[in-house]
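Structural characterization, general
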Amino acid sequence: MDNSRKPAEVISDFLTYLDYAKTEYSSSKGAYEHIDGQTYDWCHKFENAKNKQERNRLATAFHNLRIERRQHKDKAKLFEKLAHFAQDKSNELFLKRLRKMLADQIKTEEWLESDRAGEGDTHD
């Protein structure tokens with residue numbers, strides 16, 4: 001364990017990462033679903049292609065789009081469980097309490113680092 005990091009930093013990083021996971025999941029899921037929605041458009045493009053050269057150009061573009069879709073889908077899958085955990089109503093109270101504990105921990109760490117000369121020890 002890294003003793004140079006304060007507990008508040010670790011807790012804050014965890015909460016920040018959960019927020020990041022929600023955002024990444026949502027944007028990646030939206031991106032691959034948008035690409036999925038273009039399937040019929042691509043079918044029509046192929047249907048209306050005038051020659052082999054145009055079909056080849058379309059095939060390359062479609063292939064690249066499918067690679068992009070796979071990247072978005074993989075990223076969504078990577079963050080899916082974290083995002084669902086963070087969005088789950090049954091975890092709402094836990095996360096709220098964790099944020100409250102973080103605020104209290106920050107106050108305690110600030111107090112411990114302050115010049116406490118002449119102060120009574122109120123943080124037992």
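Scope of this entry: the structure provided in the associated data block. (Residues numbered from 1 in each chain as written. Predicted model: local features only at pLDDT ≥ 70, side-chain atom pairs only at ≥ 80, totals over all residues. Heavy atoms only, no water.)

1. Section: the overall build of the protein chain
Within the protein chain, the regular secondary structure consists of four helices and zero strands. For the protein chain, the α and β elements follow one another from N to C terminus as α-α-α-α. Considering only C-alpha atoms, the protein chain reaches an extent of 85 × 30 × 20 Å along its principal axes. Relative to its 124 residues, the protein chain shows a buried fraction of 21%. Pairs at least 24 residues apart make up 71% of the contacts formed inside the protein chain by residues separated by at least 6 positions. Positive and negative side-chain charges in the protein chain, numbering 23 and 23 respectively, have mean positions lying 11 Å apart. (Helix = DSSP H or I, 4+ residues; strand = E, 2+ residues; numbered from the N terminus. Buried < 20%, exposed > 50% of the residue type's maximum accessible area, 1.4 Å probe, protein only. Contact = heavy atoms within 4.5 Å. Lys, Arg positive; Asp, Glu negative; His and termini not counted. Charge placed at Lys NZ, Arg CZ, Asp CG, Glu CD.)

2. Points about a nonpolar patch on the surface
Together, Phe14, Phe85 and Phe94 give the surface a local cluster of nonpolar side chains, amounting to about 270 Å² of exposed area. Relative to the assigned elements, Phe94 resides in helix H4 (residues 92-113). (Patch = residues over 30% accessible without salt bridge, like charges linked within 9 Å, V, L, I, M, F, W, Y side chains within 5 Å. Areas by Shrake-Rupley, 256 points an atom, 1.4 Å probe, with all protein chains shown as cover. Salt bridge = Lys/Arg side-chain N within 4 Å of Asp/Glu carboxyl O.)

3. Focus: the pattern of salt bridges
A complete count under the given rule lists 13 salt bridges for this structure. The shortest N-O distance in the salt bridge between Arg66 and Asp36 comes to 3.8 Å. Of this pair, Arg66 sits in helix H3 (residues 52-87) while Asp36 sits in helix H1 (residues 7-36), and the two are 30 residues apart along the sequence. By relative accessible area, which is 32% here, Arg66 ends up partly exposed. Salt-bridge contacts for Lys100 lead to Asp104; the nearest nitrogen and oxygen are separated by 2.9 Å. Of the two residues, Lys100 and Asp104 are both situated in helix H4; the distance of four residues between them amounts to about one turn of the helix. Through salt bridges with shared partners, one network takes in Asp19, Lys22 and Arg99.

4. Some points on the packing of H1 against H3
One way to put it is that H1 packs onto H3 with a least axis distance of 6 Å and a crossing angle of 140°. For the pair H1 and H3, the crossing hand works out as left-handed. Broken down by class, the residue content of the contact of H1 with H3 amounts to 15 nonpolar, four polar and 10 charged. (Axes fitted to C-alpha atoms, helices over the stretch in contact; angles between N-to-C directions. Left-handed = near helix turned anticlockwise from the far one by under 90°. Nonpolar A, V, L, I, M, F, W, Y, C, P; charged D, E, K, R; others polar.)

5. Brief notes about H1
Taking 1.5 Å per residue, 30 residues should reach 44 Å; H1 reaches 43 Å between its end C-alpha atoms and fits that length. Check the buried side of H1 and you find it contacts helix H2 (39-47), H3 and H4. (Expected span 1.5 Å × (residues − 1).)

6. Details of the packing of aromatic side chains
Considering all chains together, one arrives at six aromatic pairs under this definition. Their ring planes at 50° and their centres at 6.2 Å tell us that Tyr17 and Phe79 sit as a pair that is tilted. With Tyr17 in helix H1 and Phe79 in helix H3, the pair connects residues that are 62 residues apart, well separated along the chain. Residue Phe79 is classed as buried on the basis of its relative accessible area of 4%. Ring geometry for Phe85 against Phe94: centres 6.5 Å apart, planes inclined by 70°, an arrangement best described as edge-to-face. Phe94 gets classed as partly exposed once you look at its relative accessible area, which sits at 42%. Each member of the aromatic cluster is reached from another via a ring pair, and the members are Tyr17, Tyr20 and Phe79. A cation sits over an aromatic face here: Lys45 above Trp42, 4.3 Å from the ring centre. (Phe/Tyr/Trp six-rings, centres within 6.5 Å; stacked < 30°, edge-to-face > 60°. Lys NZ or Arg CZ within 6 Å of the ring centre and 35° of its normal.)

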